[in-house]
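# Chains, contacts and geometry: an overview
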Amino acid sequence: MPENCKKIIELKNVDKSFGGVHAINNLSFSIYEGEILGLIGPNGCGKSTSVNLMTGVYIHDKGEILYYNADGSSVTLKEQSVPNRAKLGMGRTFQTPKPFSDLTVFENIYTIAMLYNRTLKEAYKAAEEILKFVQLDDIAEQKCTKLPIEKRKWLDMARALAIRPRILMLDECLAGLTPSEMETSLDMVRKINKQGITVLFIEHVMSAVTKLCNRVVVMEEGHFMTEGDPLEVMKKPEVIRAYLGEDYKNGDA
Ligand SMILES: Nc1ncnc2c1ncn2[C@@H]1O[C@H](COP(=O)(O)OP(=O)(O)OP(=O)(O)O)[C@@H](O)[C@H]1O
């Protein structure tokens, strides 16, 4: 990244184990303000765990995770609760969205907006705007129990937007979508980013990563492997090897 780009999150030598599973191993990388960063790597390499460490679902064992405020001051995230991290401006979605199922689509967004706006009137207005933004206004009054997968994913994005994030972490937001739903979702992510929100995009669909991301970080077995321009990175032998395994080493792939 150019020297003048401002960091928003920085992981420094982070470690996390679950019993005997060393899920994150001396992991260091930074996310820069305004970018769409792809976080990629083979299944089980630690992408979701990294998001869970940044957002406070898990606490790291070693190392440091710093969050940089808009004024350049930094906060050590280990000391921050999950709600505090959201208040700082860290939003996220989940691989399996879990909306408040007894509430309508609108109520799901409004309930969260109430916590992040000064007045109920402001929260209502924000929820209405977000509802339109994610194209769910036609089903605003529907209960969430029977929403199709793409609508659940968009509602999850809407709920994350309701916290007024500076950074949004999208964990496999395309999984289970048809190609045309994927395109709609990618457009939505671009629109979110154009509003000045930094995006961390975790995805296995490489065509989507190359279309959307300015930069990618590749992980392997819990650690940082490489980073750079998406198309350039995908050509690197070590990245191909990580995805294709031993066949590649033997020259069979
Ligand atoms: N709560 C947990 N308890 C035990 N092991 C865990 C836990 N969470 C993650 N792991 C393990 O940590 C490793 C990294 O998992 P993680 O889900 O972060 O990988 P990932 O790169 O997101 O995978 P995928 O691409 O399949 O979603 C895996 O070996 C996983 O089994």
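Residues numbered from 1 in each chain as written. Predicted model: local features only at pLDDT ≥ 70, side-chain atom pairs only at ≥ 80, totals over all residues. Heavy atoms only, no water.

The chain carries the name ABC transporter ATP-binding protein in an unreviewed UniProt entry, which gives Caproiciproducens faecalis as its organism.

### A word on unusual backbone geometry
Notably, R164 is not glycine yet its phi reads approximately 60°, a positive angle. Non-glycine residue E172 carries a positive phi angle of around 50°. As for its placement among the helices and strands, E172 is situated in the loop between β7 (167-171) and α6 (179-194). By relative accessible area, E172 is classed as buried at 14%. (Helix = DSSP H or I, 4+ residues; strand = E, 2+ residues; numbered from the N terminus. Buried < 20%, exposed > 50% of the residue type's maximum accessible area, 1.4 Å probe, protein only.)

### Details of helix α5 (residues 149-161)
Compared with an ideal rise of 1.5 Å per residue, which puts 13 residues at 18 Å, α5 spans 18 Å between its outermost C-alpha atoms and is within 8% of the ideal. Counting buried residues along α5, 11 of its 13 residues qualify, which places the element largely inside the surrounding structure. Taken together, the buried positions of α5 are E150, K151, K153, W154, L155, D156, M157, A158, R159, A160 and L161. The elements touched by buried residues of α5 are β6 (90-92), α3 (105-115), α4 (120-133), β7 and α6. (Expected span 1.5 Å × (residues − 1). Contact = heavy atoms within 4.5 Å.)

### Topic: the sheet that holds strand β3 (residues 36-40)
On the basis of which strands lie adjacent, the open sheet formed by 6 strands has the order β6-β7-β8-β3-β9-β10 and mixed pairing. The open sheet terminates on both sides in strands that have one partner only, identified here as β6 and β10 (223-228). Averaged over all pairs of adjacent strands, the angle between strand axes in this sheet comes to 20°, irrespective of strand direction. The strands touched by helix α1 (residues 47-55) within the sheet are β3, β6, β7, β8 (198-202) and β9 (215-220), with β6 carrying the most contacts at an inclination of about 145°. (Pairing = 2+ DSSP bridges. Axes fitted to C-alpha atoms, helices over the stretch in contact; angles between N-to-C directions.)

### Description of the packing of aromatic side chains
Counted by the stated rule, this structure contains 4 aromatic pairs. A ring pair is formed by F106 and Y110, whose centres lie 5.7 Å apart and whose planes are at 25°; its orientation type is stacked. With F106 and Y110 both in helix α3 and 4 residues apart, this pair spans about one turn of that helix. Judged by relative accessible area, which is 8%, F106 ranks as buried. (Phe/Tyr/Trp six-rings, centres within 6.5 Å; stacked < 30°, edge-to-face > 60°.)

### Considering the layout of surface pockets
When its volume is computed, the largest pocket comes out at roughly 530 Å³. Lining the largest pocket are 21 residues, and of these V82, R92, F94, R159 and I163 lie nearest its centre. Where the lining of the largest pocket is concerned, the elements lending two or more residues are α2 (82-88), β6, α3 and α5. The element best represented in the lining of the largest pocket is α2, accounting for 4 residues. Residue classes in the lining of the largest pocket are distributed as 12 nonpolar, 4 polar and 5 charged. The wall of the second largest pocket is formed by N117, E122, K125, A126, E129, I130, F133, L161, A162, R164, Q195 and I197. (1 Å grid on protein atoms, 1.4 Å probe; cavity = no way out; pocket = protein on both sides within 12 Å on 5 of 7 lines; lining within 4 Å. Points joined across faces, edges and corners; volume = space filled by probe spheres on them. Nonpolar A, V, L, I, M, F, W, Y, C, P; charged D, E, K, R; others polar.)

### Observations regarding the sheet that holds strand β4 (residues 62-68)
Whenever strands of a sheet pair, they do so through backbone hydrogen bonds, lying parallel or antiparallel. The strand order across the open sheet built from 4 strands is β2-β1-β4-β5, with neighbouring strands paired in antiparallel fashion. The strands lining the two open edges of the sheet, one partner per strand, are β2 (21-32) and β5 (74-76). Taken pair by pair, the neighbouring strands of this sheet meet at an average axis angle of 20°, ignoring direction. In terms of strand pairing, strand β1 (residues 7-18) meets β2 through 8 bridges, oriented antiparallel. When the bridges of β2 are listed, V14 appears paired with L27. α1 contacts β1, β2 and β4 of the sheet and is inclined by roughly 70° relative to β2.

### Quick word on the site of the ligand
The local shell around the ligand holds 15 residues, among which N43, G44, K47, T49 and H204 are the closest. For the ligand, an oxygen atom lies 2.8 Å from a polar atom in the side chain of K47. In this structure, an oxygen atom belonging to the ligand sits 2.5 Å away from a side-chain N or O atom of T49. Considered on its own, the ligand offers 630 Å² of accessible surface; in the complex 65% of this is hidden by protein. When residues of the shell around the ligand are assigned to their parent elements, the largest contribution, 3 residues, is made by α1. Of the residues contributing to the shell around the ligand, the split by class is 6 nonpolar, 7 polar and 2 charged. (Near = heavy atom within 4 Å. Polar contact = N/O pair within 3.5 Å; in protein donor to acceptor, adjacent residues only side chain to side chain. Areas by Shrake-Rupley, 256 points an atom, 1.4 Å probe, with all protein chains shown as cover.)

### Focus: the pairing of β10
With 5 bridges joining them, β9 and β10 adopt antiparallel strand pairing. Across the sheet, residue V217 finds its bridge partner in β10, namely E227. What sits between β9 and β10 in their antiparallel hairpin is a turn of 2 residues, with E221 showing a positive phi close to 45°.

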